[in-house]
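# Working through the structure, step by step
Each chain, written out:
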Amino acid sequence: MSDLKRQVKIKTGIVKRLRKELAMYEKEKVQNDKRVEDMRASGADTYDVRQAERVADESAMMIPDCKVRFEAAFLDLKNLADAEKENEEIRDTEEFKLALEALEVQ
C-alpha cells in the first residue's frame, strides 16, 4: 500500500472514530442528566445526587475536547482530500472514496 493510501486510510479512520466518540459522549450526557433529575425527583440522598452530578459534569467536560479533536481531524482529512483529488494514483482507490464519504456524513 502506498504511503499516501495509508495516510488517507488512517485519517479516515480517525474521523470516523471521533465522530462515534462525540455521539457517545453526547448521548451519555443526556442519560446522566436524566439520571440526576430522576434521583432528585425521587428524593435520593444528597450525597448520591452530588456523585451523579459529578459523573454528569465529567461527561459534559469531554464533549468540547472531543469536538476540537474531531474538527481538527476532519479539517486535516479535508485538506488532504482537496490536495490529492487530482492525483490519479489515489483518486480512484477505495480508501479515497471512503474518505470522501466520511467528509460528507458531517
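Residues numbered from 1 in each chain as written. Predicted model: local features only at pLDDT ≥ 70, side-chain atom pairs only at ≥ 80, totals over all residues. Heavy atoms only, no water.

## What about the nonpolar core?
Stated precisely, the cut-off is as follows: Side-chain atoms within 4.5 Å link the members of a nonpolar core, which is a set of buried Ala, Val, Leu, Ile, Met, Phe, Trp, Tyr and Cys residues. Each residue is assigned to one of three classes by its accessible area relative to the maximum for its type, calculated with a 1.4 Å probe on protein chains only: buried under 20%, partly exposed between the two thresholds, exposed over 50%. Each helix is a run of DSSP H or I of at least 4 residues and each strand a run of E of at least 2, with the numbering of both proceeding from the N terminus. We call two residues in contact whenever any of their non-hydrogen atoms come within 4.5 Å of each other.
Formed by 15 residues in total, the largest nonpolar core has its most connected members in Val-8, Val-15, Phe-70, Phe-74, Leu-77, Ile-90 and Leu-103. Elements with a contribution of two residues or more to this core: α1 (3-41), α2 (46-84) and α4 (94-104). Discounting residues that sit within four places of it in the chain, Val-8 has contacts with Leu-77, Leu-80, Ile-90, Glu-95, Phe-96 and Ala-99. Counting five residues, the second-largest nonpolar core is a separate cluster that includes Val-36, Met-39, Val-49 and Ala-56.

## A closer look at the pattern of salt bridges
Quick note on the threshold: When a carboxyl oxygen of Asp or Glu lies within 4 Å of a side-chain nitrogen of Lys or Arg, that pair is called a salt bridge.
A full pass over the atoms with the stated rule returns nine salt bridges. Between Lys-34 and Asp-38 there is a salt bridge, with its nearest N and O atoms 3.1 Å apart. In this pair, Lys-34 and Asp-38 are both assigned in helix α1, four residues apart and thus about one turn of the helix distant. Take Lys-34: its relative accessible area is 52%, and that puts it in the exposed class. Asp-38 sits in the partly exposed class, given a relative accessible area of 41%. The closest approach of N and O atoms between Glu-53 and Arg-40, which form a salt bridge, is 1.9 Å. Here the residue Glu-53 occupies a position in helix α2, and Arg-40 occupies one in helix α1, the gap between them amounting to 13 residues. We classify Glu-53 as partly exposed; its relative accessible area is 24%. Beyond isolated ion pairs, a larger network of salt bridges with shared partners links Arg-17, Glu-21, Asp-65 and Arg-69.

## What to know about α1
The condition is simple: One less than the number of residues in a helix, times 1.5 Å, gives the span that helix is expected to have.
In this model α1 runs 57 Å from its N-terminal to its C-terminal C-alpha over 39 residues, within 8% of the 57 Å that 1.5 Å per residue would give. Taken together, the buried positions of α1 are Leu-4, Val-8, Lys-11, Thr-12, Val-15, Leu-18, Glu-21, Leu-22, Tyr-25, Asn-32, Val-36 and Met-39. In this structure, the buried residues of α1 make contact with α2, α3 (88-91) and α4. Phi turns positive, to about 75°, at Gly-43, one or two residues after α1.

## Overview of the packing of α1 against α4
Packed helix pairs are specified by the crossing angle of their axes together with the interaxial distance, meaning the distance between the axes. Selection criterion: In this description, a line fitted to the C-alpha atoms serves as the axis of each element, helices being fitted only across the stretch in contact, and the angle between N-to-C directions of two axes falls anywhere from 0 to 180 degrees. For classification purposes, an angle smaller than 35 degrees is called roughly parallel, one larger than 145 roughly antiparallel, one from 65 to 115 roughly perpendicular, and anything else oblique. Note: crossing handedness is left-handed where the near helix turns anticlockwise from the far helix by less than a right angle, and right-handed where it turns clockwise. Ten residues, namely Ala, Val, Leu, Ile, Met, Phe, Trp, Tyr, Cys and Pro, are considered nonpolar, four, namely Asp, Glu, Lys and Arg, are considered charged, and the remaining ones, Gly among them, are considered polar.
Closest axis-to-axis distance for the α1/α4 pair is 9 Å, and the angle between their directions is 30°. Of the possible angle classes, the one that applies to α1 and α4 is roughly parallel. Crossing of α1 against α4: the hand is left-handed. In contact with Lys-5, Val-8, Lys-9, Thr-12, Val-15, Lys-16 and Arg-19 of α1, α4 contributes Glu-95, Phe-96, Leu-98, Ala-99 and Ala-102. A per-class count over the contact of α1 with α4 returns six nonpolar, one polar and five charged.

## What about the side chain of Asn-32?
Tracing the backbone through its elements, the reader meets Asn-32 in helix α1. When its relative accessible area of 11% is taken as the criterion, Asn-32 is described as buried. Apart from residues no more than four positions distant in its own chain, Asn-32 is found in contact with Val-55, Ala-56 and Ser-59.

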